[in-house]
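# Chain and residue survey
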Amino acid sequence: MLDIKRIRENPDQIRHGIANKHEKDRLDELLALDARRRAIIGDVETLKNTRNVVSQQIAQRKKGGENADAQIAEMKGVSDAVASLDAELRAVEEQIADITLYIPNMTHPSVPVGHSAAENVEVRRWVPEGVAGLNADAAFPQLDHIELGKRLDVLDFERGTKLSGSGFALYMGKGATLERALINFMIDLHITTHGYTEVFPPFVVNAASMRGTGQLPKMAEDMYHCEDEDLYLIPTAEVPITNIYRDEIMQGSALPLSLCGYSACFRREAGSYGKQTKGFLRVHQFNKVEMVKFSAPETSYDELEKLVRDAEDVLQALNIPYRVLLLCSGDTSFASAKTYDIEVWSPGENAWLEASSCSCFEDFQARRAGIRFRRDPHSKPEFVHTLNGSGLATSRLMVSLLECNQTVDGKIMVPEALRRYTGFDVID
RNA sequence: GGAGAGGUGGCAGAGUGGUUGAAUGCGGCGGUCUCGAAAACCGUUAUACCCGUAAGGGUAUCGAGAGUUCGAAUCUCUCCCUCUCCGCCA
């Protein structure tokens, strides 16, 4: 959510920002409502002031045994006027909220303006020696993760579908162990060498939390919803972890605060038919370790760079080839001001797969969620800047991990760094 | 699922329908005292919005909403949430 004052004072800038993200522009309507709102407030507060003053006088007169019928009659009219103005004000404010909740965050000046993924900018890539399709020819035919998973009996997409429907994976044997090892490895790396505090959040949250991080109202169709309780399955641990401090005022000395946690992630992926859907490429439930930061405004972009490096560290430790993209405005999500995607290499698909998305939201989420901080015990509360990034999602990572480490005889070598977590060196 | 209790400031906890934005205590901040600290004492300590260059002024907020009233933290109704006990259960 943007500050209404900022919109009022820089309408052209906001108009550009909305256009850059290809969202609907309802600014004229909004500005008219805003003007109406302030006019009503001026009127109604004057009336309320008279009411308060005269009510005091009535109390005084009654105390002194005087008659106050004239004042009481007068105030009856005032109260009626207040009631009708208040009703109109509420209606106007509702309309304002309806519009502002759909205004996207403005992108940072360093974000290239563009329409689609084609205009994203690769900022760097990290590729170890001998990667098939990138800096070497394949020495043998590269199997994809589905084939590998089936042959080694570690991934069973057919039975996952039987259990829950398409888009639900079933890990078996060493595949299940590898998944668990990966999660533990990533969390340990972040909490021991990157300074994060571990969190284990609920996987189901209320509507207020979803509104706080921006999933609601816009993304309602993409989420699993429990009707009876009006609760939502989280699409990412960003939601519960960012909302930990919703409607709170943090101490400035606590910033920047870095949290990280694992969660299962649930996404309906409504309307994604026809996109890459096989195997792990697009699933309704996957595992992810999420990093979340709360920062003072002046350091948030430094924190974003660190966040990306923290995610990259995971991939380098696992020897997985990747590239980092700076997303163009049109590909940057609704709530984000600047986003880097990290894509891992899939020899089986001969393509890059998005495995992480690291974003700075500036105060966009903080405004919605009411997350503030005080620089000093006496200073005014200010909104924090929030950031988050996957560190990382295991499903796409698993694709790359299996495919990049396959051997000519169809086994998979476990990366060195993971072995103390898996307890085995090879899947065969 | 059954029965009960309760939601007031950072926390604890008062509050006959009329200077109650709200007593008191704790905590926080500033100060006095001290070589320094503790203790004690004094002072101070909510947020949002509107008008205003500012100084300042105004309005709202005691879980949420509606009602009664000239006037509601206080009375009525509805809803939400939390807690306790019983039942069930990983």
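Structure shown above.
Reading the values: the criteria
- Per-chain numbering applies: the sequence of each chain, read as written, is numbered from 1 onward.
- Think of it this way: whatever chain is written first is A, whatever ligand is written first is 1, and the rest follow in order.
- Where local features are concerned, this predicted model is filtered to residues with pLDDT of at least 70; where side-chain atom pairs are given and counted, the filter is 80 or more; whole-chain, interface and lining totals use all residues.
- Only heavy atoms go into the side-chain values, all of them from the structure, while hydrogens and water stay out.
- In these notes, residues near a molecule or strand are those with any non-hydrogen atom within 4 Å of it.
- Identification of polar contacts relies on pairs of N or O atoms within 3.5 Å, with a donor-acceptor requirement for protein atoms, meaning one able to donate a hydrogen and the other able to accept it, and with residues adjacent in sequence counted only if both atoms are side-chain atoms.
- Secondary structure follows DSSP: runs of H or I at least 4 residues long count as helices, runs of E at least 2 residues long count as strands, and numbering of each begins at the N terminus.
- Residue polarity follows a fixed list, in which Ala, Val, Leu, Ile, Met, Phe, Trp, Tyr, Cys and Pro are nonpolar, Asp, Glu, Lys and Arg are charged, and the others, Gly among them, are polar.
- A helix's residues, less one, multiplied by 1.5 Å, set its expected span.
- Exposed residues in this analysis have more than 50% of their type's maximum accessible area, buried residues have under 20%, and partly exposed residues fall in between, with area computed by a 1.4 Å probe over protein chains only.
- Any two residues having at least one pair of non-hydrogen atoms within 4.5 Å are treated as being in contact.
- Only centres within 6.5 Å qualify two rings of Phe, Tyr or Trp (six-membered ring in Trp) as a pair; their planes then separate them into stacked at under 30 degrees, edge-to-face at over 60, and tilted for everything else.
- Only when the NZ atom of a Lys or the CZ atom of an Arg is both within 6 Å of the ring centre and within 35 degrees of the ring normal do we say a charge sits over the ring.
- Think of it this way: DSSP has to see at least two bridges between two strands before they count as a pair.
- Convention adopted: a line fitted to C-alpha atoms gives each axis, helices being fitted over their contacting stretch, and angles between N-to-C directions are expressed from 0 to 180 degrees.

## Digging into the protein's contact with RNA strand B
- Residues in close proximity to RNA strand B total 23 residues, the closest being Asn49, Met75, Ser79, Arg374 and His378.
- The sugar-phosphate backbone supplies 76% of the atoms of RNA strand B found within 4 Å of the protein.
- In the environment of RNA strand B, a base nitrogen lies 3.0 Å from a nitrogen or oxygen atom belonging to the side chain of Glu45.
- For the surface near RNA strand B, the secondary-structure elements that each account for two or more residues are helix 1 (4-9), helix 3 (27-63), helix 4 (69-100) and strand 12 (371-374).
- With 11 residues, the top contributor of residues to the surface near RNA strand B is helix 3.
- Residue composition of the surface near RNA strand B, grouped by class: six nonpolar, five polar and 12 charged.

## With respect to helix 4
- The end-to-end C-alpha distance of helix 4 is 46 Å, a good match for the 46 Å that 32 residues give at a rise of 1.5 Å each.
- Of all the positions in helix 4, only Gln71, Met75, Val78, Val82, Leu85, Leu89, Val92, Ile96, Ile99 and Thr100 are classed as buried.

## Remarks on the environment of Gly348
- Structurally, Gly348 can be placed in the loop between strand 10 (338-346) and strand 11 (351-360).
- Overall, Gly348 belongs to the partly exposed group, its relative accessible area being 28%.
- Between the C-alpha atoms of Gly348 and Ile234, which are 114 residues apart in sequence, the distance is 30 Å.
- Discounting chain neighbours no more than four positions away, the residues touching Gly348 are Leu143, Asp144 and Glu403.

## Brief notes about the packing of aromatic side chains
- Tallied over the full model, the rule gives 10 aromatic pairs.
- Each ring, one from Phe200 and one from Phe203, has its centre 6.0 Å from the other, and the planes form 15°; the classification is stacked.
- Put simply, the rings of Phe157, Tyr171 and Phe280 touch in pairs and so form one group of aromatic residues.
- Its guanidinium or amino end placed over the ring of Phe424, Lys174 lies 4.7 Å from that ring's centre, counting from NZ or CZ.

## Things to note about helix 12 (residues 394-404)
- Taken across its 11 residues, helix 12 has 10 buried, putting it largely inside the fold.
- Of all the positions in helix 12, only Thr394, Ser395, Arg396, Leu397, Met398, Val399, Ser400, Leu401, Leu402 and Glu403 are classed as buried.

## Some remarks on the sheet that holds strand 2 (residues 197-199)
- Strand order in the open sheet formed by eight strands is 1-9-10-11-14-8-7-2, and the pairing between neighbours is mixed. Each edge of the open sheet carries a strand with a single partner, namely strand 1 (121-126) and strand 2. When strand polarity is set aside, the average angle formed by the axes of neighbouring strands in this sheet is 25°.
- Summarising the sheet, strand 2 and strand 7 (residues 257-266) pair through three bridges and their orientation is parallel. Residue Val199 lies in a different strand from strand 7, and its bridge partner there is Gly261.
- Its contacts with the sheet place helix 7 (residues 174-193) against strand 2, strand 7, strand 8 (285-295) and strand 14 (385-393), and it is angled at close to 10° to strand 8.
- Across the face of the sheet, helix 10 (residues 300-317) comes into contact with strand 1, strand 8, strand 9 (322-326), strand 10, strand 11 and strand 14 while running at roughly 10° to strand 14.

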